[in-house]
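Chains, contacts and geometry: an overview
Residue-level listing of the chains:
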Amino acid sequence: MRPTWESYFVNILNVVASRSSCLSRKCGAILIKENRIIATGYNGAPSAMPSCYCLGKCLREDSPAGKDLDQCYAIHAEVNAIIQCSLLGISCKGSWILSTNYPCSWCARIIAQAGITKVGYLRKYPSELSRDIFKRCRIDVKCMKEFDLQKQDKGSA
């Protein structure tokens, strides 16, 4: 028995998210094209800067979710995955992105502009603007909680 492609990618996504240097929320993203991972990303400060993990303190610890994002060094997981593709010279066009959280509106704009055609996510995030962006850009969005991680494929390669 083999895992479905979706459960395979979700399991990998959880490992990617574990690399996050954010103290308040571990987020990960995987870019996938033709059932192959082309890039991964997790939330954290730019490479040359100290992360909250290194500082031992979250710069937004007193802020509600989705607020004061400009007070944080972290780059979101989705953006880091897209940047990784750019650095490696790999096109995101026609790929899909799997993310731990429903993308914020800033990430939704970047996803749309990168030519990504599908978004999968595990946890909800309150962003009506993201929903509008995805709808207007005809990007398919799916909550990955809709499938059973234990469901197995028989012989799908």
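For the structure itself, consult the block above.
Overview of the packing of aromatic side chains
Applying the stated criterion across every chain, the model contains 6 aromatic pairs. Measuring from ring centre to ring centre gives 5.9 Å for Y102 and F134, while their planes differ by 75°; the resulting arrangement is edge-to-face. On the criterion of sequence distance, the pair formed by Y102 in the loop between β4 (96-101) and α4 (105-113) and F134 in helix α5 (residues 128-136) is long-range, its members being 32 residues apart. For the residue pair Y102 and F134, the accessibility class agrees, reading buried in each case. In this structure an aromatic cluster arises from ring pairing among W5, Y8, F9 and W96. Taking NZ or CZ as reference, K118 lies 4.5 Å from the ring centre of W96, over its face. Positioned above the aromatic ring of Y102 is the side chain of R131, whose terminal nitrogen or guanidinium carbon lies 4.8 Å from the ring centre.

Considerations on the sheet that holds β4
With respect to topology, 5 strands assemble into an open sheet ordered β3-β2-β4-β5-β6, the strand pairing being mixed. Two strands bound the open sheet, and with one partner strand each, they are β3 (36-42) and β6 (140-143). Strand-to-strand twist of the sheet, defined as the mean angle between neighbouring strand axes without regard to direction, takes the value 20°. As defined by bridge partners, strand β2 (residues 28-33) adjoins β3 across 6 bridges and the pair is classed as antiparallel. Counted as the bridge partner of L31 is A39 from β3.

Parameters and conventions
- Residues numbered from 1 in each chain as written.
- Predicted model: local features only at pLDDT ≥ 70, side-chain atom pairs only at ≥ 80, totals over all residues.
- Heavy atoms only, no water.
- Phe/Tyr/Trp six-rings, centres within 6.5 Å; stacked < 30°, edge-to-face > 60°.
- Helix = DSSP H or I, 4+ residues; strand = E, 2+ residues; numbered from the N terminus.
- Buried < 20%, exposed > 50% of the residue type's maximum accessible area, 1.4 Å probe, protein only.
- Lys NZ or Arg CZ within 6 Å of the ring centre and 35° of its normal.
- Pairing = 2+ DSSP bridges.
- Axes fitted to C-alpha atoms, helices over the stretch in contact; angles between N-to-C directions.

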